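Notes for the structure review
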Amino acid sequence: MNSRIIKLSKKATLKKGLLDEPRILIDFEQVESLNGRIIDFKNIVVELGSDRIEFGDCDFLTNKLRPYLGYTILNNPELKLIGTTEFIPFDIRNKKKTMPEYIRYLLLSTEYLEKSIFLMSGKEHPRITSIDILNIKIPLPKYSIQEQIVREIQQREVKSEKALEEVKRLRKKIDDLISEELSKIENNKE
């Protein structure tokens, strides 16, 4: 990424205990692995069982714990999100030259996820450091090319999501048929 493109965002830690106001907590359970999509904004908390970070105004966050799992997310500052201290918040230095979405997709790319393993340290809880992320060299095409890349990926994500919904629908239909047949068998035993 190198520090000419992104920089660490200021990190504010919320200590364990009661909060001043209810907040949306984003832990790894609220993020779709490998896709970096927040899937649950309903995890509202009024008390913290452990320290958390405020996402603040950062542009995106990525996971330092097991980076190959792909929990890189875009921030939504209006929601005043908080989350696990295993997230590292970053800012884009110049948004006229670099799209946060483009960087997010780079950090979700197969290339990065596979290579991140070599940057981790620690056996029990392998992590990547922010310095290692800042030292990754990446291609930075013109902004218009970044827009095309992001648009193409988003279109593919929409198609993929529709296909997954169809699979869920068909799976439910199959489960209902199996349940119906098992019920008939049970009723015939009586």
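Structure: above.
Right, let's walk through the structure included here. (Residues numbered from 1 in each chain as written. Predicted model: local features only at pLDDT ≥ 70, side-chain atom pairs only at ≥ 80, totals over all residues. Heavy atoms only, no water.)

1. Re the pattern of salt bridges
Per the counting criterion, the structure on display carries 15 salt bridges. Lys95 is the partner of Asp59 in a salt bridge, and the nearest nitrogen-oxygen pair spans 3.0 Å. Taken together, the positions of Asp59 in the loop between β7 (52-54) and β8 (60-63) and Lys95 in the loop between β11 (87-92) and α1 (100-107) put the pair 36 residues apart, joining distant regions of the chain. The exposure class of Lys95 is partly exposed, given its relative accessible area of 47%. Between Arg127 and Glu86 there is a salt bridge; the shortest N-O distance is 2.6 Å. Taken together, the residues Arg127 in the loop between α2 (110-115) and α3 (130-134) and Glu86 in the loop between β10 (82-83) and β11 connect sequence positions 41 residues apart. Under the relative-accessibility criterion, Arg127 is labelled partly exposed at 28%. Look at the salt bridges and you will find they share partners, linking Glu32, Arg37 and Glu161 into a network. (Salt bridge = Lys/Arg side-chain N within 4 Å of Asp/Glu carboxyl O. Helix = DSSP H or I, 4+ residues; strand = E, 2+ residues; numbered from the N terminus. Buried < 20%, exposed > 50% of the residue type's maximum accessible area, 1.4 Å probe, protein only.)

2. A word on a nonpolar patch on the surface
Together, Ile174, Ile178, Leu182 and Ile185 line one region of the surface with nonpolar side chains, adding up to about 370 Å² of accessible area. Its location among the elements puts Ile185 in helix α4 (residues 143-189). (Patch = residues over 30% accessible without salt bridge, like charges linked within 9 Å, V, L, I, M, F, W, Y side chains within 5 Å. Areas by Shrake-Rupley, 256 points an atom, 1.4 Å probe, with all protein chains shown as cover.)

3. Details of the layout of surface pockets
Reported here for the largest pocket is a volume of approximately 270 Å³. Considering the residues around the largest pocket, the lining is formed by 13 residues, among which Glu32, Asn35, Arg37, Glu157 and Ser160 are closest to the centre. When residues of the lining of the largest pocket are traced back to their parent elements, those giving at least two are α1 and α4. Across the lining of the largest pocket, the residue classes tally to five nonpolar, two polar and six charged. (1 Å grid on protein atoms, 1.4 Å probe; cavity = no way out; pocket = protein on both sides within 12 Å on 5 of 7 lines; lining within 4 Å. Points joined across faces, edges and corners; volume = space filled by probe spheres on them. Nonpolar A, V, L, I, M, F, W, Y, C, P; charged D, E, K, R; others polar.)

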